[in-house]
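# Structural features, examined
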Amino acid sequence: MSYIAWFKDLSKDSIAVAGGKGANLGEMFNIGLPIPPGFCVTAQTYKEYLEKTELKEKIMVFLKDLDVENNEQLQTTAKKIQELIISTPIPEEITEEIKDSYELLGAGKNAHELVEAKEVFVAVRSSATAEDLPEASFAGQQATYLNVKGKDKVVSAVLACWASLFTARAIYYREKNHFKHSDVLISAIVQKMVNSDQSGIMFTINPSTNNDKELVIEAAYGLGEMIVGGEVNPDLYIIDKTNRKIKKIEVRKQEVGMFRDENGENIKRKIEDSLQSRQVIPETNIQELARLGRKIEEHYGKPQDIEWAIEKDQIFIVQARAITTFKAKTSEDKAGITEVAEEEGKILVKGETASAGIYSGVVKIIKDPSELNKIEKGDVLVTIMTTPDMVPAMQRAGAIVTDEGGMTCHAAIVSREMGIPCIVGTENATEVLKEGEIITVHATRGIVYEGKFEVKKELAQAVTEEVSAGEEIITATEVKVIMDLPDLAEKAAATGADGVGLVRLEIMIANGGIHPAEYVRQGREQDYVNLLKSGIGKIAKAFRGKPVWVRCSDMRSDEYRNLEGGDKEPKETDPMIGWHAIRRLLDEPKILKAEFQAIKELHDQGLKNVGVMLPFVIRADEVAKAKEIMREIGLKPNKDVDFGVMIETPASCWIIEDLCMEGIDFVSFGTNDLTQLTLGIDRNNGRIAKLFDEMHPGVLGELAKVIKVCKKYNVTTSICGQAGSRPEMAEFLVHQGIDSISANADAVHEIRKVVARTEKKLMLDAEREELEEKS
C-alpha cells in the first residue's frame, strides 16, 4: 500500500484518508487554486503503524480501567501513552516514503534539482478522522508544528501528531461519549511553507458594512502573523466583486515586518525606507487575488475569510474558511424569524434567559475550577456560578446553564457578548442534570429539555417598525458596543456601531493564563504588554477610524485564583470593594505602566483610535498620579491619547467637577457597580437580585448630575454598563444629553432605533414649545 497521498489525489470526499484539513486542501488544489504543495501521511498508515509495532494492545492496557474523572490519573495515563508513541520508531518502509515525499517538495523542475533536492521548511499538522464518527469527537486534538526542516525532523513531527491523539482532553472526550479509541484514526499533513515577501487577509464580503458586492484585501510586508496580532497597520484595498474594479486603496506606512530567517525563526525586520509608504502589492496582484477570492466563494457557496501570501511574485492561498457572521437580507428577515424546537420533551430545569438561542449538546458539570479542562468545544457547561478565569472554557462551550442569577451576573454578561445560549438562575442544575447526558438548552424560553431536538425555522408574526432592519439610522447620539473578545471584533464592527465604549482587559488576561502581578514578579512585563497589544490591536483594527476605549485592568482578588500566580492573591472579606482597579494599579505601578505601554505601542503602529480609562475612581489625585505614570512612558494624556475615567462609585459622581478640572476627555458610566454601591445591593446575590434596578431614582439622579457637569467642561459622556442595552435607560440618557450609549453587539440596532425615536420626540417637543411661545 502507499503510505502517502498527495493533494492532487485528494478531494472533499477524502476525509477518511486525510481528515478534514487534508480533504479541504486537496479540494482547493484540484480546482486550480495556488495551494502550497504537500501531501498527507494517511490515516491508514497510522493504523498500520499501531499494528506493526504492536502498540495498539499496549495502549489499550493503559486505558483499561482508567477513571477519567480522576484528573491526576488521566493526565498521567495520557503522558505515558504519548511518550510510548514518540519513543516507538515508525517502521522503515513508512519512514522512507515520508522522507522521499519530503525530498520531492524541495525538488525543482530540472533534472539536477530532481536528483539533489534541497531541504525546505514545512508545516506538519494533524487531522483526525474516523468512519461513522462525528467530527465533534476530535475537538481539541489538532497539533501543528511549523518551520520543520530536515527528513528526520519531519518524521519526528509526524510521530508527534500521532501522539496528540492521546492528550488528556481527547481521551476524556471519547470515554465520556462512548467512542472506541481504536476507531479513531489520524492523518498528518505535510505542506511546504511559503516564505512570504508580502501576505495578508482577504474577505469576500466587506465585513465592516456587510456588503456582499465588495471584496476587502489587507496587505503587509512579510509574514501574516503581524496582521493577525494587530502589530502592523496593513494596506486596505476594496474591490467591486462583479468586475474586479478597485474602488479604494488606502496605503498605510509600515516600518517593520516579520520574516523567516535561515534557521526557521520568525524575526522582526525594518522595512526599507523607500518601501515604508509605498503600496504593498501592485494592482495586478490585487485583481488576481480578487479573482481567486471570488472563485473560492463560488465553489463553496459561502463568503470566505482567506489567508494569502506572495513569495517571489507568486501568489499562494494558505487557508480559506467560511465567514459565519455574514447574514444576507431575505424576505424572511423582514418578517422576523424565530427558532423553535420541532417537538418538546421532558423539562429538566427552568431558569431565566440571559442570552437567547437553542442548543443541543453533552452536559459537562463543573463544581471545581480544576475540572475546567474537561470542557471541549460544543459541550454544555453546567455550573453553580462562573468567574472571569472560566472564560476560556466558556468560549469552548456551546451553551451555559448556571444556578447563579441576575442579568448582571458574570455568566449573563459574557454569554451575551459571545452570543452563546445561556440560562441563569436555575434551581440546582448541577444536581438535576447528569454528566454526559444530551440535553437541549432552549435559552429563549429559559428551559432545559431532555434529549436532542431538531430545530426548524418558522416565520414569526411581522412587527411593524418605524425603521426596518435593512435601513441606515442616523442619530446624533452615538451607539457603541461593549467588546471583550478580540476574535468577535469583526462581527461586532459589522453591526455599524460607532466605536467601542468599553474594552475590558480581564478576559484577554484570563486567556493568557497568567495574573498580571505574576508577570511583574517574574520580570516578564513585556510578555504582558504583548498579550494586551495583540487583543486590543484586533479590536482597534476592526473599528479603525472609530474610538476604542480600553479600561485598565480591574482584577478582584477572588476572581482569578486559577491563573498562574493567582494563588498569591490576598484573601479579602469583601473583594468587590477591596484592593482592585486604580487603587491597586497605583500600588503596583508596573502593571499600570505595562498596560499604558501596550496602548503606546499600538499608537506607534498607527492605531491611534485607542483611548484609555481608569476604573473605580474615588479621588482626583488618583487621576493625576496615573497621568504622571503615562507621561513616564512617553505618552501624553489628553494630547497623544484620549484619557477618561469610569464613573462607578457614588464618590466619583459627587467629585465630578474636580475630575473634570484635573483634565479628562471623557467619562463612562459603569452602571453595574454604580447601582450596586448606590443601593447597597450585592448584584451576585440571587435572593435580592429583584431589588437591583439601574432605573432607581437615586441612580438616575447621579447620572443626570454627572452629564450636566461634564457638559459644562466639554467632557464627553458615555455609558458602558449593561443598563445601556435597556431601551428605557437609553431613552432617559438621550433626554439628559448623553453623547454615546454602549450596548451589547446584538442590541445595537434596537438601541439605535430607541435613540432615533427619542431624538425625534425631543425635536418635536422643542418645535411645539417654540410655536406656543410665538403664539
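What counts, and at which threshold
Residues numbered from 1 in each chain as written. Predicted model: local features only at pLDDT ≥ 70, side-chain atom pairs only at ≥ 80, totals over all residues. Heavy atoms only, no water. Helix = DSSP H or I, 4+ residues; strand = E, 2+ residues; numbered from the N terminus. Contact = heavy atoms within 4.5 Å. Areas by Shrake-Rupley, 256 points an atom, 1.4 Å probe, with all protein chains shown as cover. Pairing = 2+ DSSP bridges. Axes fitted to C-alpha atoms, helices over the stretch in contact; angles between N-to-C directions. Parallel < 35°, antiparallel > 145°, perpendicular 65-115°, else oblique. Left-handed = near helix turned anticlockwise from the far one by under 90°. Nonpolar A, V, L, I, M, F, W, Y, C, P; charged D, E, K, R; others polar.

### Things to note about the overall build of the chain
Scanning the chain from N- to C-terminus turns up 27 helices and 31 strands. Long-range contacts, defined here as pairs at least 24 residues apart, represent 67% of the contacts in the chain between residues at least 6 apart. Summed over its atoms, the accessible surface of the chain is roughly 34,100 Å², and 49% of this surface lies on carbon and sulfur atoms.

### Observations concerning the sheet that holds strand β3 (residues 121-129)
With antiparallel pairing, five strands are arranged side by side in an open sheet as β1-β2-β5-β3-β4. Edge strands, defined here as strands with exactly one partner in the open sheet, are β1 (4-6) and β4 (144-149). Taken pair by pair, the neighbouring strands of this sheet meet at an average axis angle of 25 degrees, ignoring direction. Where strand β2 (residues 38-41) meets strand β5 (residues 185-192), four bridges bridge the pair, whose relative direction is antiparallel. The partner of Val41 across the bridge, within β5, is Ala188. Its contacts with the sheet put helix α2 (residues 43-52) on β2, β3 and β5, and the angle it makes with β5 is roughly 125 degrees.

### Observations concerning the packing of helix α23 (residues 656-663) against helix α25 (residues 697-712)
At a minimum axis distance of 9 Å, the contact between α23 and α25 shows a crossing angle of 30 degrees. Viewed along their axes, α23 and α25 adopt a mutual orientation that is roughly parallel. Note on packing geometry: the crossing formed by α23 with α25 is right-handed. Contacts from Ile656, Glu657 and Cys660 in α23 reach Lys705, Val706, Val709, Cys710 and Lys712 in α25. Considered class by class, the residues forming the contact of α23 with α25 number five nonpolar, no polar and three charged.

### Quick word on the environment of Pro421
Position of Pro421 relative to the elements: it lies in the loop between α13 (410-418) and β20 (422-424). C-alpha of Pro421 to C-alpha of Gly398: the two residues are 23 residues apart in sequence and 7.4 Å apart in space. Excluding anything up to four places from it in sequence, Pro421 contacts Ser355, Ala356, Gly357, Ile358, Tyr359, Gly398, Ala399, Ile400 and Ala443.

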